[in-house]
Amino acid sequence: MNYARYLTAMSAAREPSAICVLSEVVNRAPKSLISLAPGFPNPNTFPFKTASITLKSGKTIQFGEEMMKRALQYSPSAGIPELLTWLRQLQVQLHNPPTIHHPASQGQMEICVTSGSQEGLSKVFEMLINPGDNVIINEPVYSGTLQALQPMGCNIINVSSDEFGIIPDAVKEILSKWTPEDSQNPEKNTPKFLYTVPNGNNPTGTSLTTERKKEIYKLARKYDFLIIEDDPYYFLQFSKSWAPTFLSMDVDGRVIRADSFSKVLSSGLRIGFLTGPKPLIERVVLHTQVSTMHPNTFTQLLVSELLHQWGEEGFLAHVARVIDFYRKQRDALLAAADKWLSDLAEWHVPDGGMFLWIKIKGISDTRPLIEEKAIKNQVLMVPGYAFFIDRSALTPYFRASFSLASPEQMDVAFQRLAQLIKESL
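Residues numbered from 1 in each chain as written. Predicted model: local features only at pLDDT ≥ 70, side-chain atom pairs only at ≥ 80, totals over all residues. Heavy atoms only, no water.

Colleague: Help me out: how do you make sense of the overall build of the protein chain in this one?
Modeller: When helices and strands are tallied, the protein chain shows 13 helices and 15 strands. Computed over its C-alpha atoms, the radius of gyration of the protein chain comes to 23 Å, within 12% of the 22 Å expected for a compact globule of 425 residues. With respect to the principal axes defined by its C-alpha atoms, the protein chain has extents near 75 × 60 × 35 Å. Going through the 425 residues of the protein chain one by one, you find that 52% of them count as buried. Sequence-distant contacts in the protein chain: of pairs separated by 6 or more residues, those separated by 24 or more amount to 72%. Accessible surface for the protein chain amounts to roughly 19300 Å². Of this, 53% is attributable to carbon and sulfur atoms. Distance between charge centroids for the protein chain: 3 Å, based on 42 positive and 43 negative side chains. (Helix = DSSP H or I, 4+ residues; strand = E, 2+ residues; numbered from the N terminus. Rg over C-alpha atoms; globule rule 2.2 N^0.38 Å. Buried < 20%, exposed > 50% of the residue type's maximum accessible area, 1.4 Å probe, protein only. Contact = heavy atoms within 4.5 Å. Areas by Shrake-Rupley, 256 points an atom, 1.4 Å probe, with all protein chains shown as cover. Lys, Arg positive; Asp, Glu negative; His and termini not counted. Charge placed at Lys NZ, Arg CZ, Asp CG, Glu CD.)

Structure representation (C-alpha cells):
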C-alpha cells in the first residue's frame with residue numbers, strides 16, 4: 001500500500017526527535033554506559049521513594065526504590081518495552097492479524113501505547129485529515145469523535161446503520177459516485193477512511209456483524225480507504241463468542257485499531273494502545289515525541305506489573321467478571337425500561353458497552369425533556385442530538401448509561417421519566 005497518499009503534509013514532514021532517539025538508546029543501554037546526552041532529571045532529587053499498591057485479590061504490586069526511579073523518569077515515546085511486548089502477544093492471541101509477518105514497509109503490525117485511546121485517535125485524525133477530505137462515519141456516533149473531526153474541516157459523510165451496525169449496501173451507495181481507480185487520483189477526493197465503533201457502540205449499544213465487516217473490508221480494498229476500528233468496548237461484549245475484528249481480517253495493512261483499558265482496568269490511568277501498519281503507527285509516535293513525549297511511565301509500569309502478574313489467562317478472567325457485572329447492570333436497566341417505558345418508547349437490547357439508546361414515541365425533540373424537565377426532577381441522561389453531525393436537528397432519542405446507577409436508582413429514574421413523557425405528550 002502507498003501509505004504516503006493518506007498523510008497530511010504536517011504528518012509527512014515529521015522527523016524523529018534526535019533527543020528522543022538518544023533517550024531510547026539510554027533506556028536500552030547497559031549500566032556501564034556513561035551518558036552525558038539526555039536531559040533526564042536526576043531521580044535522587046524526586047520526593048517519592050517507594051509505593052505499594054494492594055489489589056482486590058489481596059496481592060500487591062511493589063515499587064521499590066529503583067523501580068520508583070524508573071517510574072518517575074522519561075520513557076520511550078511508543079511505550080515501555082515490557083508493556084508493548086505483553087500487548088503484542090495479546091493482539092496476536094485475540095486477533096491473529098495477517099500483517100504480523102508482513103515487511104515493515106508493507107504494513108507490518110505495529111503497536112504503540114497512548115494516553116487513553118482517545119489521545120491516540122486524535123493523533124490518527126491529525127495524521128490523516130486535510131480540510132476538505134471525505135471521511136465516512138455512522139450516526140449516531142460518539143460525541144468526542146465529532147468534536148475531534150469537525151474543527152478539522154473534513155466532509156463527514158454519514159452512512160446508514162441499524163441494530164446490526166453499518167449497512168454495507170449504504171457504503172456501496174456512498175462510494176458509487178467514484179470508481180475504484182479514482183482512489184489513485186488525489187483530485188477525485190475519494191473517502192480517506194471509514195470510522196466505526198464495532199462493538200457496543202456509543203450511544204446505541206449495537207455491534208457490527210461479522211458478515212458486514214467482511215463486506216465493508218472488501219469495499220475498503222476495492223476503493224483503497226483505511227478503516228479506523230475504535231473498539232473501547234471490545235472487552236464488554238455480552239455474547240459468549242466475540243466477533244472477529246477488522247484487524248483479524250486485515251490482509252493489506254489498512255486497519256488502525258484503537259483499544260482501551262479504561263473500561264476494564266481504570267479510566268483514570270489513561271492507558272490505551274493503537275495497533276496498525278508500521279508506517280502509520282510510526283507517524284503517531286513522531287507526533288507523541290513533540291506533544292506529550294510519552295504516555296505516563298508510572299501508570300504504564302503499574303499496568304504492566306499487573307498484567308504480567310495475572311498473565312493473559314488472569315486478565316481474561318478479570319474481563320469475564322467485568323462483563324458479568326455490566327450484563328447484570330444492562331438487564332436491570334432493561335427491566336426498568338420494560339416496567340415504565342414499554343408503551344412510551346422503543347429500543348434494541350445492547351450487545352455490549354454501557355448504554356441503552358431509547359426512542360421516545362410521539363416526541364420529535366428530546367432536548368427540552370432531557371435537558372430541562374428531567375434534570376429538574378433529579379434525573380440526568382444525554383439527549384440524542386449530542387451524537388449527530390448536525391446538532392441542531394431534532395431527534396426523538398436519548399442515551400441512558402447503566403454503568404454506575406444501582407438497579408433501584410434505574411427504576412426510580414425511569415419512573416420519573418415516564419411521568420414526564422406522559423406530561424409532554
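What follows picks up the thread again.
Colleague: What is the right way to read the packing of helix H5 (residues 117-128) against helix H10 (residues 278-289) from this model?
Modeller: When two helices pack together, their arrangement is given by the angle between their axes and by how far apart the axes lie. Where H5 contacts H10, the two axes come as close as 10 Å, and the packing angle between them is 110°. Taken together, the axis directions place H5 and H10 in an arrangement best described as roughly perpendicular. Contacts between H5 and H10 pair Lys123, Val124, Glu126 and Met127 from the former with Leu280, Arg283, Val284, His287 and Thr288 from the latter. Here the residues of the contact of H5 with H10 are counted per class, giving four nonpolar, two polar and three charged. (Axes fitted to C-alpha atoms, helices over the stretch in contact; angles between N-to-C directions. Parallel < 35°, antiparallel > 145°, perpendicular 65-115°, else oblique. Nonpolar A, V, L, I, M, F, W, Y, C, P; charged D, E, K, R; others polar.)

Colleague: Is there a simple way to explain helix H13 (residues 407-424) in this structure?
Modeller: Because an α-helix completes one turn every 3.6 residues, residues spaced three or four positions apart along the sequence face the same direction. Helix length check: H13 (18 residues) gives 26 Å between terminal C-alpha atoms against 26 Å at 1.5 Å per residue, within 8%. The complete set of buried residues in H13 reads Met410, Ala413, Phe414, Leu417, Ala418, Leu420 and Ile421. Each element contacted by the buried residues of H13 is listed here: helix H11 (297-340), strand E13 (355-360), helix H12 (367-376) and strand E15 (397-401). (Expected span 1.5 Å × (residues − 1).)

Colleague: Would you explain the nonpolar core in this entry?
Modeller: If you look at soluble globular proteins, the nonpolar side chains tend to sit buried side by side. In terms of nonpolar packing, the biggest core is built from 94 residues, with Leu128, Phe193, Leu341 and Phe414 touching the most fellow members. Ranked by residue count, the leading element in this core is H11, at 15 residues. Once you skip the residues sitting within four places of it in the chain, Leu341 turns out to touch Ala336, Trp347, Ile358, Phe414, Leu417, Ala418 and Ile421. Counting residues in hydrophobic clusters, the runner-up holds 19 residues, among them Val159, Ile174, Tyr217 and Ile227. (Core = buried A, V, L, I, M, F, W, Y, C linked by side-chain atoms within 4.5 Å.)

Colleague: Hey, could you run me through the side chain of Arg330 in this one?
Modeller: Mapped onto the elements of the fold, Arg330 is located in helix H11. Arg330 gets classed as buried once you look at its relative accessible area, which sits at 12%. Reaching out from Arg330, the side chain makes a polar contact with the backbone oxygen of Pro350 at a distance of 2.9 Å. Not counting chain neighbours up to four residues away, the residues in contact with Arg330 comprise Phe238, Val349, Pro350 and Phe402. (Polar contact = N/O pair within 3.5 Å; in protein donor to acceptor, adjacent residues only side chain to side chain.)

Colleague: Any chance you could explain the packing of aromatic side chains here in plain terms?
Modeller: The description of an aromatic ring pair rests on the distance of the ring centres and on the angle between the ring planes. Evaluation of the coordinates by the stated rule reveals 17 aromatic pairs. Seen in terms of ring centroids, Phe125 and Phe193 are 5.9 Å apart; in terms of plane orientation they differ by 15°. Their pairing is stacked. Taken together, the residues span a long stretch of sequence, with Phe125 in helix H5 and Phe193 in strand E8 (residues 193-196) at a distance of 68 residues. Taking the relative accessible area as the measure of exposure, Phe125 reaches 2% and is therefore buried. Since its relative accessible area comes to 0%, Phe193 is described here as buried. Counting every residue linked through ring pairs, the aromatic cluster contains Trp86, Tyr234, Phe235, Trp242, Phe261, Phe273 and Phe315. Positioned over the ring face of Trp178 is Lys177, at 5.1 Å from the centre of the ring. (Phe/Tyr/Trp six-rings, centres within 6.5 Å; stacked < 30°, edge-to-face > 60°. Lys NZ or Arg CZ within 6 Å of the ring centre and 35° of its normal.)

Colleague: I'm lost on the packing of H12 against H13 in this one. Help?
Modeller: Closest axis-to-axis distance for the H12/H13 pair is 11 Å, and the angle between their directions is 120°. For the element pair H12 and H13, the recorded crossing hand is right-handed. Residues Leu369, Ile370, Lys373 and Ala374 of H12 touch H13, and the partners they reach there are Leu417, Leu420, Ile421 and Ser424. Tallied by class, the residues present in the contact of H12 with H13 amount to six nonpolar, one polar and one charged. (Left-handed = near helix turned anticlockwise from the far one by under 90°.)

Colleague: Looking at this structure, I do not really get the sheet that holds strand E12 (residues 345-347). What am I missing?
Modeller: Note: strands within a sheet are paired through backbone hydrogen bonds, in either parallel or antiparallel orientation. One open sheet holds the four strands; their spatial order is E12-E13-E15-E14, and the pairing between them is antiparallel. Each of the sheet's edge strands pairs with one partner strand only, and the pair in question is E12 and strand E14 (382-383). (Pairing = 2+ DSSP bridges.)

Colleague: Sorry, what's going on with the pattern of salt bridges here?
Modeller: Opposite charge on two side chains permits pairing when their charged atoms draw close. Under the definition given, this model contains 23 salt bridges. Between Glu82 and Arg70 there is a salt bridge, and its shortest N-O distance comes to 2.7 Å. With a gap of twelve residues between them, Glu82 in helix H4 (residues 81-95) and Arg70 in helix H3 (residues 65-71) connect regions that are remote in the sequence. Look at Glu82 and you get partly exposed, because its relative accessible area is 23%. (Salt bridge = Lys/Arg side-chain N within 4 Å of Asp/Glu carboxyl O.)

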